[in-house]
Number of protein chains: 2
Amino acid sequence: MSPNLSQRLKDSGIQPSAQRLAVAQYVLSTDDHPSADQVLAKVQSLVPMLSRATVYNTLNLFVEKGLLKQLVLAEGKVVFDPVLSPHHHFIDDDTGRIEDVPWDAIRVSDPARLEGYDVTEYMVVMRGRKLGGPRKLQKKR
Amino acid sequence: MSPNLSQRLKDSGIQPSAQRLAVAQYVLSTDDHPSADQVLAKVQSLVPMLSRATVYNTLNLFVEKGLLKQLVLAEGKVVFDPVLSPHHHFIDDDTGRIEDVPWDAIRVSDPARLEGYDVTEYMVVMRGRKLGGPRKLQKKR
DNA sequence: GTCAAACTCTGGATTAAGTCTAAAGCCGAA
DNA sequence: TTCGGCTTTAGACTTAATCCAGAGTTTGAC
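Residues numbered from 1 in each chain as written. Chains lettered and ligands numbered in written order. Predicted model: local features only at pLDDT ≥ 70, side-chain atom pairs only at ≥ 80, totals over all residues. Heavy atoms only, no water.

Asks: Is there a simple way to think about the relation of the copies chain A and chain B in this case?
Replies: Mapping between the two copies of the chain is achieved by a rotation about an axis and a shift along the axis. Superposing chain A onto chain B takes a rotation of 179° plus a shift of 0.0 Å along the axis, which leaves an RMSD of 0.1 Å. Given the turn and translation reported, the copies of this chain are related as if by a two-fold rotation axis. (Least-squares fit on C-alpha atoms with pLDDT ≥ 70 in both.)

Have a look at this one:
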């Protein structure tokens, strides 16, 4: 997909390797908000010789180098998001699926000006149900 | 403290017991946003004969009966909040401390009207540093 | 008061997510 | 080719949380 993922890793100060590229290929271009185990499963199906430790190392490295953000939004779920620009999140209570919500979809009265706090970052976290649509993953618990 | 905590439990459909009252006494009146282990430690210092399983059972029961809310905001921290009315949260990146932010302190353009979603609940999650103050818990890691 | 049924608590075993470690593999520079 | 430094691996370890089966309590009927 990405023209040269390898270059992108180098630009972030990461030495490319087969395993790192395989992880990058999936995790940097998904909007699934996968957990570490989901990344492991997915990438392992393509590159069977891949250990758990490597996946964790790689994900943590990517987070450290700023290619990924780590989110902790729901019940015991640590999840990775390749969208680096600020945005909000919606969590579907039925499926557990997390979706990105564009920054402009919601207006928030500047919390950076909160009395007595130096707010460096914020987001709106919403919960509910997604309406209409193909309703594909309804019972994906 | 609370005039009759016992009654409050009954009103929520919870059979009071020594252990449950001890847990309730602490967790329903704190603004510490304690984790389960913190609750265990705290309550055990008053009532030494208290098992971990009981604390988890009790906390889960309280959540189920609507006396507590369970929050998952930060890195591997499941935390409990007795404030049931809607409010926002601020997380101090230095100390990890979570503080409640009054609902009215921030205005959000009604996310309940988000196109294609049925939003039942939302909050603003902020991160940053707390300013000034007695700076008491600075290195409380 | 006594008894049984139902509920509650306990410690220890178990599970699951994540980290650590020591050894082996790989790769580029001299 | 050989060396040194990264990267990967499998498995041991850690920690949070849940499960379980037995023991202890409470309640209500008699």
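Asks: Explain the protein's contact with DNA strand C to me, please; I cannot follow it from the model alone.
Replies: Residues in close proximity to DNA strand C total 15 residues, the closest being A:Tyr56, B:Ser17, B:Gln19, B:Met49 and B:Thr54. Counting only the atoms of DNA strand C that lie within 4 Å of the protein, the sugar and phosphate share comes to 86%. B:Gln19 places a side-chain nitrogen or oxygen 2.8 Å from a sugar or linking oxygen of DNA strand C. Residue B:Thr54 places a side-chain N or O atom 2.5 Å away from a phosphate oxygen belonging to DNA strand C. Secondary-structure elements contributing two or more residues to the surface near DNA strand C are helix H3 (36-46) and helix H4 (52-64) of chain A together with helix H2 (18-27) and helix H4 (52-64) of chain B. Within the surface near DNA strand C, the residues separate by chemical class into seven nonpolar, six polar and two charged. (Near = heavy atom within 4 Å. Polar contact = N/O pair within 3.5 Å; in protein donor to acceptor, adjacent residues only side chain to side chain. Helix = DSSP H or I, 4+ residues; strand = E, 2+ residues; numbered from the N terminus. Nonpolar A, V, L, I, M, F, W, Y, C, P; charged D, E, K, R; others polar.)

Asks: Honestly, the protein's contact with DNA strand D in this entry has me stumped. Any pointers?
Replies: Around DNA strand D lies a shell of 16 residues, among which A:Ser17, A:Arg20, A:Met49, A:Thr54 and B:Tyr56 are the nearest. When the atoms of DNA strand D within 4 Å of the protein are sorted by group, sugar and phosphate make up 87%. In the model, a phosphate oxygen of DNA strand D is placed 2.4 Å from a nitrogen or oxygen of the A:Met49 main chain. Put simply, the parts of the chain that give the surface near DNA strand D at least two residues each are helix H2 (18-27) and H4 of chain A together with helix H3 (36-44) and H4 of chain B. The leading source of residues in the surface near DNA strand D is H4(B), at three residues. Grouping the constituent residues of the surface near DNA strand D by class yields seven nonpolar, seven polar and two charged.

Asks: Would you mind showing me how to read the interface of chain A and chain B here?
Replies: Quoted interface sizes are often the accessible area lost when the parts come together. Each side of the interface is counted separately: chain A has 33 residues, and chain B has 33 residues. Carbon and sulfur atoms make up 57% of the surface buried where chain A meets chain B, a total of about 2700 Å² over both sides. Along the contact surface separating chain A from chain B lie zero salt bridges. A breakdown of the residues in the side of chain A that touches chain B according to their chemical character gives 18 nonpolar, six polar and nine charged. Two strands pair when backbone bridges link them, and strand E5 (residues 117-130) of chain A and strand E5 (residues 117-130) of chain B are joined in this way by 13 bridges, in the antiparallel orientation. (Contact = heavy atoms within 4.5 Å. Buried area = accessible area lost by both parts, 1.4 Å probe. Salt bridge = Lys/Arg side-chain N within 4 Å of Asp/Glu carboxyl O. Pairing = 2+ DSSP bridges.)

Asks: Before we go on, may I ask you to explain the sheet that holds E5(A) in this structure?
Replies: Two orientations exist for strands paired in a sheet by backbone hydrogen bonds: parallel and antiparallel. Within the open sheet, the six strands sit side by side as E4(A)-E3(A)-E5(A)-E5(B)-E3(B)-E4(B). Their pairing is mixed. Edge positions in the sheet fall to strand E4 (98-101) of chain A together with strand E4 (98-101) of chain B, since each has one partner strand and no second. Each adjacent strand pair in this sheet contributes to an overall mean axis angle of 30°, direction not counted. Here strand E3 (residues 88-92) of chain B pairs with E5(B) via four bridges, running parallel. Residue B:His89 lies in a different strand from E5(B), and its bridge partner there is B:Val125. (Axes fitted to C-alpha atoms, helices over the stretch in contact; angles between N-to-C directions.)

Asks: I tried to follow the pattern of salt bridges on my own but got confused; where do I start?
Replies: Residue and element names in this part refer to chain A. Under the counting rule described, the total for this entry stands at 17 salt bridges over all chains. A salt bridge links Arg-129 to Asp-94, with the shortest nitrogen-to-oxygen separation between them at 2.9 Å. In this pair, Arg-129 sits in strand E5 while Asp-94 sits in the loop between strand E3 (88-92) and E4, placing the two residues 35 residues apart along the sequence. Each of Asp-31, Asp-32, Arg-97, Glu-99 and Lys-130 takes part in one network of salt bridges that share partners.

Asks: Help me understand the domain arrangement of chain A, please; the structure alone is not making it clear to me.
Replies: All names here are of chain A. Split by domain assignment, chain A resolves into domain 1 (5-79) and domain 2 (85-128). Computed from C-alpha coordinates alone, the two centres of domain 1 and domain 2 are separated by 24 Å. The interface of domain 1 with domain 2 comprises eight residues on the first partner and 10 residues on the second. With both chains or domains summed, domain 1 and domain 2 bury close to 740 Å², and 56% of this area falls on carbon and sulfur atoms. When the area that domain 1 buries against domain 2 is broken down by residue, the three leading residues are His-33, Leu-71 and Leu-73, summing to 59%. Taken together, the links from domain 1 to domain 2 amount to three salt bridges. When the shortest N-O distance is used, the salt bridge between Glu-121 and Lys-69 registers 2.5 Å. Where domain 1 touches domain 2, the interface holds four residue pairs in polar contact (both at pLDDT 80 or more). Here the side of domain 1 that touches domain 2 takes four residues from strand E1 (residues 69-74), the largest share from any one element. Its residues assigned to classes, the side of domain 1 that touches domain 2 shows four nonpolar, one polar and three charged. (Domains from an automatic or database assignment.)

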